Amino acid sequence: MTPTIEKIWLTADAVWIRTTDGLEACEYFDEYPRLKYATQEQRAQYVSDAFGISWPNLDEDLSFEGFFKSKPRTELYRFFQAHPELNASAVARRMGISQSLFAQYISGTKRPSEARLQEIYSTVHSIGQELLEAVFV
């Protein structure tokens with residue numbers, strides 16, 4: 001059942017909703033690449049209906065029901081949240097995979113195969129090794 005929404009508001013890192021029952025929930029922009037890399041002005045250009053919020057110019061839609069669904073917090077999610085200096089989109093580009101797919105791996109929407117997971121770990125370790133070997137003259 002879709003909740004009835006009385007208020008929608010944006011913060012620097014999320015879109016929030018409040019139901020007529022007083023429940024509040026948010027979706028973080030970091031979990032949606034199109035929203036993550038949008039400007040505040042672009043994020044402010046949303047439309048809503050009884051079912052959700054849409055950003056037509058960004059081709060992004062969020063259902064109100066999704067705000068209240070339990071979201072798995074994967075090991076990758078916890079890692080990238082703990083290390084915001086490591087850009088997940090840049091890691092995806094380095095691996096040659098879609099940024100959107102990588103975001104889905106991080107959010108838990110899709111589960112990477114064991115081989116892909118090892119490739120992700122290897123790429124992150126490689127970046128770490130390169131940082132350790134950095135020489136500044």
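Since the structure is predicted, the reported quantities are computational estimates derived from the model, not experimental observations.

S.K.: A description of the overall build of the protein chain should follow, citing residues and the corresponding values.
M.R.: Counting its regular elements, the protein chain contains 7 helices and 6 strands. Along its sequence from the N terminus, the protein chain presents helices and strands in the succession β-β-β-α-α-β-β-β-α-α-α-α-α. Viewed in the frame of its principal axes, the protein chain has a C-alpha envelope of about 55 × 35 × 25 Å. Burial statistics for the protein chain: of 137 residues in total, 33% are counted as buried. Intrachain contacts of the protein chain at a sequence separation of at least 6 include 43% that bridge at least 24 residues. Entry remark: accessible area of the protein chain is about 8800 Å², with carbon and sulfur atoms responsible for 52%. When the 14 basic and 19 acidic side-chain charges of the protein chain are each reduced to a single mean position, those positions are 2 Å apart.

S.K.: So, unusual backbone geometry: which residues are in play, and what are the values?
M.R.: Unlike most non-glycine residues, Asp 59 shows phi in positive territory, near 55°. With respect to the helices and strands, Asp 59 occurs in the loop between strand S5 (52-55) and strand S6 (60-63).

S.K.: Describe the packing of aromatic side chains, and please don't skip the residues or the numbers.
M.R.: In this structure the tally under the stated criterion is 5 aromatic pairs. Arranged with centres 5.3 Å apart and planes meeting at 90°, the rings of Phe 79 and Phe 80 form a pair that is edge-to-face. Residues Phe 80 and Phe 102 carry aromatic rings whose centres are separated by 5.7 Å and whose planes lie at 85° to one another, so their mutual orientation is edge-to-face. Here Phe 80 is found in helix H4 (residues 75-82), whereas its partner Phe 102 is found in helix H6 (residues 99-107), with 22 residues between them in sequence. Of the two residues examined, Phe 80 and Phe 102, each falls in the buried class.

S.K.: Got a sec to walk through the sheet that holds strand S2 (residues 14-19)? Specific residues and values, please.
M.R.: Pairing within the open sheet is antiparallel, and its 3 strands lie in the order S1-S2-S3. Edge positions in the open sheet fall to strand S1 (5-10) and strand S3 (24-28), since each of these has one partner strand only. Each strand axis lies, on average, 20° off the axis of its neighbour in the sheet, ignoring direction. Here 5 bridges tie S1 to S2, and the two strands are oriented antiparallel to one another. Bridging across to S2, Leu 10 finds its partner in Val 15.

S.K.: Summarise the pattern of salt bridges; cite the residues concerned and give the values.
M.R.: Under the definition given, this model contains 5 salt bridges. With a shortest N-O distance of 3.9 Å, Arg 18 and Glu 6 are connected by a salt bridge. Here the residue Arg 18 occupies a position in strand S2, and Glu 6 occupies one in strand S1, the gap between them amounting to 12 residues. The class of Arg 18 is partly exposed, set by a relative accessible area of 22%. Here Glu 130 makes a salt bridge to Arg 94, at a shortest N to O gap of 2.3 Å.

S.K.: Residues and numbers for the sheet that holds S5, please.
M.R.: Overall, antiparallel pairing links the 3 strands, which are arranged S4-S5-S6 in an open sheet. Edge positions in the sheet fall to strand S4 (47-48) and S6, since each has one partner strand and no second. Strand direction decides the pairing type here: S5 and S6, joined by 4 bridges, are antiparallel. Bridged to Trp 55 within S6 is Glu 60.

Thresholds applied
Residues numbered from 1 in each chain as written. Predicted model: local features only at pLDDT ≥ 70, side-chain atom pairs only at ≥ 80, totals over all residues. Heavy atoms only, no water. Helix = DSSP H or I, 4+ residues; strand = E, 2+ residues; numbered from the N terminus. Buried < 20%, exposed > 50% of the residue type's maximum accessible area, 1.4 Å probe, protein only. Contact = heavy atoms within 4.5 Å. Areas by Shrake-Rupley, 256 points an atom, 1.4 Å probe, with all protein chains shown as cover. Lys, Arg positive; Asp, Glu negative; His and termini not counted. Charge placed at Lys NZ, Arg CZ, Asp CG, Glu CD. Phe/Tyr/Trp six-rings, centres within 6.5 Å; stacked < 30°, edge-to-face > 60°. Pairing = 2+ DSSP bridges. Axes fitted to C-alpha atoms, helices over the stretch in contact; angles between N-to-C directions. Salt bridge = Lys/Arg side-chain N within 4 Å of Asp/Glu carboxyl O.

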